[in-house]
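Chain by chain, the residues:
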Amino acid sequence: MAAKALYQLQNVTKNFHLEGGVIEVLRGLTLDIAASAWVALVGRSGSGKTTLLHLLGGLDKPSAGHIQLDGQDIARMSAAQLTSLRRQRIGFVFQSYHLFPELTAWENAVLPALHWGRDREAAYQNARQWLHAFGLDDRLQHRPRELSGGEQQRVAIARALVNDPDIILADEPTGNLDAAAARGILDILKNVHLEQGKTLIMVTHDQALASQADRVIRLADGPPPMPRTAVTPAVAREK
Ligand SMILES: Nc1ncnc2c1ncn2[C@@H]1O[C@H](COP(=O)(O)OP(=O)(O)O)[C@@H](O)[C@H]1O
Ligand SMILES: [Mg+2]
């Protein structure tokens with residue numbers, strides 16, 4: 001029997017309406033993503049990888065089509081349902097970290113747990129455990145500007161994990177890092193996926209990195225000359 005689908009995308013289309021017209025970013029995307037999979041999402045710059053990640057995370061809605069998460073249509077969820085989905089099930093890791101500059105590493109990492117109204121002390125301890133696991137014991141009180149890129153990204157991953165989500169959506173999490181730091185981030189994400197069975201969906205430009213995933217989803221795109229045309233349906237290449 002096939003693994004149970006975590007996500008089911010059916011004919012997903014995403015358009016952006018601008019003054020100059022409509023940009024078709026995703027068109028007729030149909031695919032399943034299994035629970036506990038590690039998926040690499042690849043494609044040329046502008047092919048819609050970030051857009052798709054936002055849709056999967058409930059940060060945006062498709063223009064047409066359906067995205068079901070465990071059988072529930074994300075586009076039909078209320079704002080309150082979406083908020084609780086994002087807090088409880090989804091950890092988002094951004095390419096450029098998105099840490100608050102005035103907060104310490106520890107404060108940044110604990111933030112989503114505080115918003116959830118959980119026990120404060122337990123939340124701080126949980127954040128601290130993740131920072132410890134990522135080798136940041138000596139950096140708890142540092143502000144982002146006092147941290148290297150790799151350290152900032154590790155704080156951002158701790159923040160993404162603090163509410164124990166089962167889905168990690170990572171948008172080029174190694175994009176701004178040198179090779180050694182990138183390897184460290186990849187190891188962290190891989191371990192969390194392997195040891196805890198979390199679904200990992202990662203956008204990357206790095207072919208070597210993508211080839212390590214269970215599955216590669218490639219967003220195809222139109223001809224390169226501007227203005228760019230609609231994206232053709234993603235082709236899922238299974239390893
Ligand atoms: N909020 C938006 N409004 C208008 N156009 C957007 C918006 N977000 C993305 N786009 C456009 O959609 C296309 C895909 O963007 P994106 O998903 O960020 O691509 P990728 O992550 O693959 O580089 C780009 O041409 C981008 O300019
Ligand atoms: Mg992007």
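Think of each chain on its own: its residues are numbered from 1, step by step along the sequence as written. Chains and ligands are labelled by the order in which they are written, letters from A for the one and numbers from 1 for the other. Only residues with pLDDT of 70 or above have their local features reported here, since the model is predicted, and side-chain atom pairs are shown and tallied only from 80 upward, although totals for entire chains, interfaces and linings are computed over all residues. Side-chain measures here rest on the full set of heavy atoms in the structure, leaving out hydrogens and waters.

### With respect to the packing of aromatic side chains
For clarity, the threshold we go by: Centre distance within 6.5 Å is the pairing criterion for rings of Phe, Tyr and Trp, where only the six-membered ring of Trp is used; planes under 30 degrees apart are then read as stacked, over 60 as edge-to-face, and the remainder as tilted. Helix numbering and strand numbering both begin at the N terminus, where a helix is a DSSP run of H or I of at least 4 residues and a strand a DSSP run of E of at least 2. Relative accessibility decides the category of a residue: with a 1.4 Å probe and only protein chains considered, values under 20% of the type maximum give buried, values over 50% give exposed, and everything between is partly exposed. Look at NZ for Lys and CZ for Arg. If either is within 6 Å of the ring centre and within 35 degrees of the ring normal, a charge sits over the ring.
One pass over the full model with this rule turns up three aromatic pairs. Geometrically, the ring pair formed by tryptophan 106 and tyrosine 124 is edge-to-face, given 5.8 Å between the ring centres and 75° between the ring planes. Of this pair, tryptophan 106 sits in helix α3 (residues 105-115) while tyrosine 124 sits in helix α4 (residues 120-133), and the two are 18 residues apart along the sequence. Assessed through its relative accessible area of 15%, tryptophan 106 is described here as buried. The ring of tryptophan 106 has arginine 128 lying over it, and the distance from NZ or CZ to the ring centre is 5.3 Å.

### Notes on the sheet that holds strand β5 (residues 72-73)
Definition in use: Any two strands are treated as partners once DSSP identifies two or more bridges connecting them. Note on contacts: a residue pair qualifies if any of its non-hydrogen atoms lie within 4.5 Å across the two residues. An axis is simply a line fitted to the C-alpha atoms; with a helix, the fit covers only the stretch in contact. Between two such axes, the angle follows the N-to-C directions and lies from 0 to 180 degrees.
Pairing is antiparallel in the open sheet, where four strands are placed in the order β2-β1-β4-β5. Either end of the sheet is taken by a strand with one partner, and the two such strands are β2 (21-34) and β5. When strand β4 (residues 64-69) meets β5, the two strands line up antiparallel, connected through two bridges. Its bridge partner lying in β5, leucine 69 is registered against glutamine 72. Across the face of the sheet, helix α1 (residues 49-56) comes into contact with β1 (5-18), β2 and β4 while running at roughly 125° to β1.

### Remarks on the nonpolar core
Across soluble globular proteins, nonpolar side chains show a tendency to be buried alongside one another. Short version of the rule: What is meant by a nonpolar core is a set of buried Ala, Val, Leu, Ile, Met, Phe, Trp, Tyr and Cys residues, joined one to another through side-chain atoms within 4.5 Å.
Ranked by size, the top nonpolar core spans 41 residues in total, and within it Leu131, Phe134, Ile157, Leu189 and Met202 carry the most contacts. If sequence neighbours within four positions are ignored, isoleucine 157 has contacts with Val93, Phe134, Ile185, Ile188 and Leu189.

### Quick look at the environment of leucine 6
Tracing the backbone through its elements, the reader meets leucine 6 in strand β1. Assessed through its relative accessible area of 3%, leucine 6 is described here as buried. Sequence separation between leucine 6 and glutamine 68 is 62 residues; the distance between their C-alpha atoms is 8.0 Å. Discounting residues that sit within four places of it in the chain, leucine 6 has contacts with Ile33, Ala34, Ala35, Gln68, Leu69, Asp70, Arg89, Asp166, Ile167 and Thr199.

### Notes on the side chain of aspartate 73
This is how the line gets drawn: Identification of polar contacts relies on pairs of N or O atoms within 3.5 Å, with a donor-acceptor requirement for protein atoms, meaning one able to donate a hydrogen and the other able to accept it, and with residues adjacent in sequence counted only if both atoms are side-chain atoms.
Structurally, aspartate 73 can be placed in strand β5. Engagement of the side chain of aspartate 73 in a polar contact is seen with the side chain of histidine 66, the distance being 2.7 Å. Setting aside its immediate chain neighbours within four residues, aspartate 73 contacts His66, Ile67 and Gln68.

### Some points on a nonpolar patch on the surface
We apply this condition: Excluding any residue in a salt bridge, patches collect residues exceeding 30% relative accessible area, merging like charges within 9 Å and nonpolar Val, Leu, Ile, Met, Phe, Trp and Tyr side chains within 5 Å. Where accessible areas are quoted, they stem from the Shrake-Rupley method and a 1.4 Å probe; at the residue level, only the protein chains shown are allowed to cover. We define a salt bridge as a side-chain nitrogen of Lys or Arg found within 4 Å of a carboxyl oxygen belonging to Asp or Glu.
Among the surface-exposed residues, Phe16, Leu18 and Ile23 lie close enough to one another that they form a single nonpolar patch of about 240 Å² accessible area. You can see leucine 18 is positioned in strand β1. For leucine 18, a relative accessible area of 53% translates into the label exposed.

### Digging into the site of ligand 1
Quick note on the threshold: Being near a molecule or strand, for a residue, comes down to having at least one heavy atom within 4 Å of it. We call Asp, Glu, Lys and Arg charged. Ala, Val, Leu, Ile, Met, Phe, Trp, Tyr, Cys and Pro are nonpolar, and the rest, Gly among them, are polar.
Surveying the vicinity of ligand 1 reveals 13 residues, the closest of which are Gly46, Gly48, Lys49, Thr50 and Thr51. Glycine 46 is positioned such that a nitrogen or oxygen atom in its backbone is 2.7 Å from an oxygen atom of ligand 1. The contact in question runs from an oxygen atom of ligand 1 to an N or O atom on the backbone of serine 47, over 3.2 Å. Protein chains bury 64% of the 550 Å² of accessible surface belonging to ligand 1 in isolation. If you list the elements that add at least two residues to the shell around ligand 1, you get β1, β2 and α1. Per element, the largest residue contribution to the shell around ligand 1 is three residues, and it comes from α1. Counted by class, the shell around ligand 1 contains four nonpolar, six polar and three charged residues.

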